[in-house]
Structures are given as C-alpha cells and as structure tokens.
Amino acid sequence: MRASSPRPTFFATFFEWFNGQAYVLLVLTMLIWGANAVAARLAVGEVPPMLLTFLRWGICCTALVLTSRGQIATHWRTLLPSWRYVALMGTMGFTAFNALFYAAAYHTTAINIAIIQGTMPMLVLIGSFFFYRTRITALQLVGVAMTIAGIAVVASQGQLAVLTGLQFNIGDVWMIIACLFYAGYALGLRRRPPVPAIVFFAATAAVAALVSLPLVAVEIAMGQSYLPTGKGLLLILFIGLLPSFVSQLTFIQAVSLIGPARAGMFMNLVPIFGPLLAVLVLGEPLWLYHAAALALVLGGIYVAEHLGARRPAKA
C-alpha cells in the first residue's frame, strides 16, 4: 500500500499563497522602503553612516549566499565580461545612494527624505529622454514640472526667501543627489546582462559592500567613526535584512508576476508610507508645506504616468 504524501503545513501553504500575491508583495515592499527613511533617522548617533552602508550590504550579501548560492554559483561567470558595468551599477545604485541617504539623515527629517525619494520616477523619465530619446508628452512635462516644484517646496520649507537665496538644507541637497544616482542605476538596468535578477542583485550588492570600505576608512581617518550602540546594532540588522534583502526579493517576485511597468507604479506609495511612519514612530511634525509638496510630487507622478502616457484614441 503506497504511503500518502504529507499534507503541507500552514506556513508552507501561506508562503505559497503569499508568493503569488503581487499586490501584497508590492505594498509590503514599499512599506519597508518607507520605513528605511525612519530607520535612517533612528540611526543618527547610534551607528556612523558609512559603517552602516558597509554593514547593510555585508549582511545582505551573507543572506544572499545562504539562500541563493545555487543560482549564484551557476550564473556568476556570465557576469564576468560585464564586470565594469556591474561595478558601476553597484556603486551608483547602492553605495553612493545609501551613503548619501544615511548622511542626509543627520541633517534633514525622515519626512523630507521620503518625499524627495518619491521623485525618482520623474528623474528616470527625464533620464530616459536624454539617454534613450524616449518621447515625452506635454502632460508628462507638466508632471515633471509639478514634481520639481514639490522638491523646491520641501527644500525651501515653503519659504520663498530660502528658495531665492539658495540656502537649502544640506541634507535635502544630499538626498536629491542620492536620487540622481539611483535614477542612473534604474536607467542602466535596461542593459542588464541575461542572468536571473537575484544573481545580478547579489553581484551589485557585493560591489556595494566592497566600494563602501574606502568610505569607512575615510570616516575613521576624519575621526567621525565610533562603535555602534546596542540600538545601532538592531538597526543594522533591520536595514540589512529588510530594506536590503527581503524587500528586494519581494519586489523581484512581484515583477515576475505582473511585469516591471505595473510594479513600478507602486513606488508612489513610498512618499506616503515614509511620512506616515515618521509621524507615528518619530513624532516628526507634518507641516502644511509637507502636505503641499507631497501633493505636488504625487500629482506630478499621476499626471506623467497615468494621463501623459495615455495615447489618444483612434477615430
């Protein structure tokens, strides 16, 4: 008599269901990315920003080796001819972006970080025009203008005198530069070598960890480094495992289910979740200019991606 196969456990059944729910995966991903802005502010004074950048990617690489070593071992040689491209992508998208991201947290609020981070879809749209000659419609230009206005409102705190005097918070400036780096990374993904997404991510994460080491050395040489506190260690684990590792896996899985275009639309949730978490967790005040900036950024994205991208109906 043949033995019956064992019934799947509750966790196995739940994981199988969860892994097929693209919208649930994407909402969780954006919630984690929004929480990263809060974690960056909580890390101020608890762990140096360059050390945090290095340890974040070190933990992520360890998790990737433990969970995906089979795919990495099978495909890593395919990436060798493109090592310069991989090095550039890891440096821009992960090391430069994160180093500036965590350094910015010392000078600006989590709300500002999250709202400015929400401008990345527009930066990618602008970059697509300049580098790939992607056609931009009039409504998309309106959306870009609205998003730029939102950045200006955040950076000037809604004060015209600050805007005209170019006396911006250095943290906001660093965050804008960080978003430019990440937009460059996003544009470069069009030329990704033909390997599984998780293998490419592992390669760029390894580059990010290595390139972070000189920044840690500079931080030590300038006397700005110190040992992480207990709270800092917990934050390192959180950032290394959730924003760096888990959210990337959930995003990759969601993209495989519904495609990059539809999945990319959910990035609009980051500048919503980030400020909400900043208010709830950090108690940061949400001023009227924050609401105006958020409306401009999200409105600009909506106009550009939903209205501007529509083609006129044929007669």
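In case you missed it, the structure is sitting above this.
Below is a short write-up of the structure.

Thresholds, definitions, all that
Residues numbered from 1 in each chain as written. Predicted model: local features only at pLDDT ≥ 70, side-chain atom pairs only at ≥ 80, totals over all residues. Heavy atoms only, no water. Phe/Tyr/Trp six-rings, centres within 6.5 Å; stacked < 30°, edge-to-face > 60°. Helix = DSSP H or I, 4+ residues; strand = E, 2+ residues; numbered from the N terminus. Buried < 20%, exposed > 50% of the residue type's maximum accessible area, 1.4 Å probe, protein only. Disulfide = S-S within 2.5 Å. Contact = heavy atoms within 4.5 Å. Salt bridge = Lys/Arg side-chain N within 4 Å of Asp/Glu carboxyl O. 1 Å grid on protein atoms, 1.4 Å probe; cavity = no way out; pocket = protein on both sides within 12 Å on 5 of 7 lines; lining within 4 Å. Points joined across faces, edges and corners; volume = space filled by probe spheres on them. Expected span 1.5 Å × (residues − 1). Bend = angle between axes of the 7 residues up to and from the residue. Axes fitted to C-alpha atoms, helices over the stretch in contact; angles between N-to-C directions. Parallel < 35°, antiparallel > 145°, perpendicular 65-115°, else oblique. Left-handed = near helix turned anticlockwise from the far one by under 90°. Nonpolar A, V, L, I, M, F, W, Y, C, P; charged D, E, K, R; others polar. Core = buried A, V, L, I, M, F, W, Y, C linked by side-chain atoms within 4.5 Å.

Taken as a whole and assessed by the stated rule, the structure comprises eleven aromatic pairs. Aromatic pair Phe94 and Tyr185: ring centres 5.3 Å apart, planes at 45°, arrangement tilted. Of this pair, Phe94 sits in helix H4 (residues 83-104) while Tyr185 sits in helix H9 (residues 170-188), placing them 91 residues apart in sequence. Each member of the pair, Phe94 as well as Tyr185, carries the same accessibility label: buried. With a centroid separation of 5.2 Å and 45° between ring planes, the pair formed by Tyr182 and Tyr185 is classed as tilted. Here Tyr182 pairs with Tyr185, and both are found in helix H9, just three residues apart, close to one helical turn.

So, about the state of the cysteines. All told, the structure shown has zero disulfides when counted by the stated rule. Between Cys61, a cysteine without a disulfide, and Cys60, which holds the nearest cysteine sulfur, the sulfur-to-sulfur distance is 5.8 Å. Under the relative-accessibility criterion, Cys61 is labelled buried at 17%.

A separate point is the side chain of Thr119. Within the element layout of this structure, Thr119 appears in the loop between helix H5 (110-117) and helix H6 (120-132). Exposure remark for Thr119: the relative accessible area of 2% places this residue in the buried category. When sequence neighbours within four positions are dropped, the list of residues in contact with Thr119 reads Thr147, Ile151 and Val297.

The next subject is the pattern of salt bridges. The tally for this structure, following the rule as stated, stands at one salt bridge. Linking Arg41 and Glu284 is a salt bridge whose minimum nitrogen-to-oxygen distance equals 3.6 Å. On the criterion of sequence distance, the pair formed by Arg41 in helix H2 (residues 22-42) and Glu284 in the loop between helix H13 (270-282) and helix H14 (288-307) is long-range, its members being 243 residues apart.

Another point: unusual backbone geometry. As a rule of thumb, non-glycine residues mostly have phi less than zero, and peptide bonds are mostly trans rather than cis. Backbone geometry at Arg133 places phi at a positive 55°, although glycine is not the residue there. Secondary-structure assignment places Arg133 in the loop between H6 and helix H7 (138-156). For Arg133, a relative accessible area of 63% puts it in the exposed group.

Attention now moves to empty space enclosed by the protein. Here the structure, examined in full by the defined rule, presents one cavity of 30 Å³ or more. There is about 170 Å³ of room inside the largest cavity. Lining the largest cavity are 14 residues, with Trp33, Phe97, Gln117, Tyr182 and Gln248 positioned closest to its centre. Mapped by element, the contributors of at least two residues to the lining of the largest cavity are H2, helix H3 (49-79), H4 and helix H11 (230-258). Here the lining of the largest cavity takes four residues from H4, the largest share from any one element.

Compared with the 45 Å implied by 1.5 Å per residue over 31 residues, the 30 Å span of H3 between its first and last C-alpha is markedly short. Along H3, the largest kink reaches about 90° and is centred on Ser68.

Working note: a packed helix pair is described by the angle between its axes plus the distance between those axes. Two elements in contact, H2 and H13, have axes separated by 8 Å at closest approach and are oriented at 45°. Here H2 lies oblique to H13, going by the angle between them. Between H2 and H13 lies a crossing whose hand is right-handed. The residues of H13 that touch H2, namely those facing Val27, Met30, Leu31, Trp33, Gly34, Ala35, Val38, Arg41 and Leu42, are Val270, Phe273, Gly274, Leu277, Ala278, Val281 and Leu282. The residue makeup of the contact of H2 with H13, split by class, is 13 nonpolar, two polar and one charged.

Now for the environment of Glu219. With respect to the helices, strands and loops of the structure, Glu219 is situated in helix H10 (residues 197-221). The buried category is assigned to Glu219, whose relative accessible area is 5%. Residues Glu219 and Pro48, 171 residues apart in the sequence, show an inter-C-alpha distance of 8.1 Å. Ignoring sequence-local partners within four residues, the contact set of Glu219 consists of Pro48, Pro49, Met50, Leu51, Gln224 and Ser225.

Moving on, we come to the nonpolar core. Residues Trp57, Leu64, Phe101, Met175, Phe200 and Phe201 are the most contacted members of the largest nonpolar core, which totals 69 residues. When sequence neighbours within four positions are dropped, the list of residues in contact with Phe200 reads Leu79, Tyr85, Val86, Met89, Tyr185, Leu189, Arg192, Pro193 and Val195. The next biggest cluster of nonpolar side chains, apart from the first, holds 14 residues, and it includes Ala22, Ile32, Phe251 and Val270.

This part is about the environment of Leu249. Tracing the sequence through the fold places Leu249 in helix H11. Overall, Leu249 belongs to the partly exposed group, its relative accessible area being 31%. Considered as a pair, Leu249 and Ala197 are 52 residues apart in the sequence and their alpha carbons are 9.4 Å apart.

Direction vectors running N to C along H6 and H7 enclose 130°, while the axes themselves pass 10 Å from each other. Here H6 is positioned oblique relative to H7, judged by the angle of their axes. The two elements H6 and H7 meet at a crossing, and its hand is left-handed. Of the residues in H7, those in contact with Met122, Leu125 and Ile126 of H6 are Gln140, Gly143, Val144 and Thr147. Taken together, the residues of the contact of H6 with H7 sort by class into four nonpolar, three polar and no charged.

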